[in-house]
Structures are given as structure tokens and as C-alpha cells.
Amino acid sequence: MSHLATVANRAAQRWTTLGAAAAVVAAGAFVLRFNPTDRIADPTGPCLWHSITGINGPGCGGTRMFYYLLHGDVLQAARHHLAALVAVPFVVYLGVRWVATVWFGRELPALRLSPRVYAVYIAAFLLYSTVLRNLPWAPFAWFDIPNLTP
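Residues numbered from 1 in each chain as written. Predicted model: local features only at pLDDT ≥ 70, side-chain atom pairs only at ≥ 80, totals over all residues. Heavy atoms only, no water.

1. Some thoughts on helix H5 (residues 115-130)
Point 1. Taking 1.5 Å of rise per residue, 16 residues should cover 22 Å, and H5 covers 23 Å from first to last C-alpha, within 8% of that figure.
Point 2. Looking only at H5, the buried set comprises Phe125, Tyr128 and Ser129. Along the axis of H5, the buried positions cluster into a sector of 85 degrees, meaning they face one direction only. Of the exposed residues in H5, those oriented more than 90 degrees away from the buried face are Pro115, Arg116 and Val120.
Point 3. Packing partners of the buried residues in H5 comprise helix H4 (74-104). (Helix = DSSP H or I, 4+ residues; strand = E, 2+ residues; numbered from the N terminus. Expected span 1.5 Å × (residues − 1). Buried < 20%, exposed > 50% of the residue type's maximum accessible area, 1.4 Å probe, protein only. Arc of directions from axis to C-beta. Contact = heavy atoms within 4.5 Å.)

The following block contains the structure:
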């Protein structure tokens, strides 16, 4: 019975990786279909945070960052959400590590970051996304993300 449980667990994990990959592909297709950098309203509407507060928040610019990454424009991706862009290589590695383990039985080295690194990143992310991007002088003004939705 233990062998059957292991096989069922492996199948469930594989389906989960396929679901996660499908979600990423669907998000990419959505972003490519509804260009977030134009001034045409997307089906999801404007950024709620920006609409309510009038300032950039933690998620503002994330979709545009993803759009520019899909087009290989790292500079514009950094402009639209630098703090999220910093996390992308780590998230991609975690995904590759997960797929390698589930599908190929290969254990890639784990990221061994201390809790302090995570805490500093979260604090820097929040400081950047809610304060620094909203400052009106250089170099912070370059990171300002205007609300493009009419």
C-alpha cells in the first residue's frame, strides 16, 4: 500500500507542477493579449490601490514588469517594479528545483537564505513600493508608475 501511496503522491505533485506552469503561461498570454503599457482599459480594470490612494503601492507596475520581461526589456521591467524584479531569479530557480525533483527525481541545491534575508527583502520591498517610488525627485521619480488606465 505504501508504494501505491507514493505513486499517487508523485502523480498529484506532477499535476500540481503542470497546473502551476499552466497558470504562468495563462498569465503570460493575458499580459501579451491585453498590453498593460497602452492606455486601453484591460478587463481587470485599473490598479485598485492606485485608484483609491493616488500613489503607487506594492502591486503597481507588476503586470507591466512582467510584460517587459516577456519582451526582454529588463531596463523597463526594472523601472516598473524593481523590487519584484529582484525576486524573479529566485522564484524561477525554486520552480526549476521543484520540477527537477518531481519530474526527474533530481534534487538541486536548496536556497539557504537566512530568515534575516527574507525580512530585509520584505522590508525593502514595502519601503520601495509604497514610499520611495512615490518621491517626486530623482532618482526615485524614474520609478513612478502613472495610472495608465483612463
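2. Overview of the packing of helix H3 (residues 62-70) against H4
Point 1. Taken N-terminus to C-terminus, the directions of H3 and H4 make an angle of 90 degrees; their axes are 8 Å apart at the nearest point. Taken as axis vectors, H3 and H4 run roughly perpendicular relative to one another. In contact with Gly62, Arg64, Met65, Tyr68 and Leu69 of H3, H4 contributes Gln76, Ala77, His80, His81, Ala84, Leu85 and Val88.
Point 2. The residue makeup of the contact of H3 with H4, split by class, is 7 nonpolar, 4 polar and 1 charged. (Axes fitted to C-alpha atoms, helices over the stretch in contact; angles between N-to-C directions. Parallel < 35°, antiparallel > 145°, perpendicular 65-115°, else oblique. Nonpolar A, V, L, I, M, F, W, Y, C, P; charged D, E, K, R; others polar.)

3. Concerning the nonpolar core
Point 1. Within the largest apolar cluster, 12 residues are counted, these being Val31, Met65, Tyr67, Tyr68, Ala77, Ala78, Ala83, Ala84, Leu85, Phe125, Tyr128 and Phe143.
Point 2. When contributions to this core are tallied by element, the ones reaching two or more residues are H3, H4 and H5.
Point 3. Per-element accounting of this core gives the leading share, 5 residues, to H4.
Point 4. Residues contacting Tyr68, with those up to four places away along its chain left out, are Thr37, Asp73, Gln76, Ala77 and His80. (Core = buried A, V, L, I, M, F, W, Y, C linked by side-chain atoms within 4.5 Å.)

4. Observations regarding the side chain of Asn56
Point 1. Structurally, Asn56 can be placed in the loop between helix H2 (48-53) and H3.
Point 2. Overall, the relative accessible area of 1% leaves Asn56 in the buried class.
Point 3. A distance of 2.9 Å separates polar atoms of two side chains, one belonging to Asn56 and the other to Asp144.
Point 4. Aside from chain neighbours lying at most four places away, what touches Asn56 is Trp49, His50, Ser129, Thr130, Arg133, Asn134, Phe143, Asp144 and Ile145. (Polar contact = N/O pair within 3.5 Å; in protein donor to acceptor, adjacent residues only side chain to side chain.)

5. Some thoughts on the packing of aromatic side chains
Point 1. Tallied over the entire structure, the rule returns 5 aromatic pairs.
Point 2. The interplanar angle of 75 degrees and the centroid separation of 5.1 Å between the aromatic rings of Trp142 and Phe143 together place this pair among those described as edge-to-face.
Point 3. With a relative accessible area of 39%, Trp142 lands in the partly exposed category.
Point 4. A residue is classified by how much of its surface remains accessible, and Phe143, at 15% relative accessible area, is buried.
Point 5. Members of the aromatic cluster, each reached through a chain of ring pairs, are Tyr128, Trp142 and Phe143.
Point 6. Positioned above the aromatic ring of Trp103 is the side chain of Arg14, whose terminal nitrogen or guanidinium carbon lies 4.8 Å from the ring centre. (Phe/Tyr/Trp six-rings, centres within 6.5 Å; stacked < 30°, edge-to-face > 60°. Lys NZ or Arg CZ within 6 Å of the ring centre and 35° of its normal.)

6. Some points on H4
Point 1. Between its first and last C-alpha, H4 extends only 31 Å over 31 residues, short of the 45 Å set by a 1.5 Å rise per residue.
Point 2. Its maximal kink placed at His81, H4 deviates by approximately 120 degrees. (Bend = angle between axes of the 7 residues up to and from the residue.)

7. With respect to unusual backbone geometry
Point 1. Residue Ala138 is joined to Pro139 through a cis peptide bond whose omega torsion reads 0 degrees.
Point 2. Tracing the backbone shows Pro139 in the segment after H5.

These figures capture arrangement, not role.
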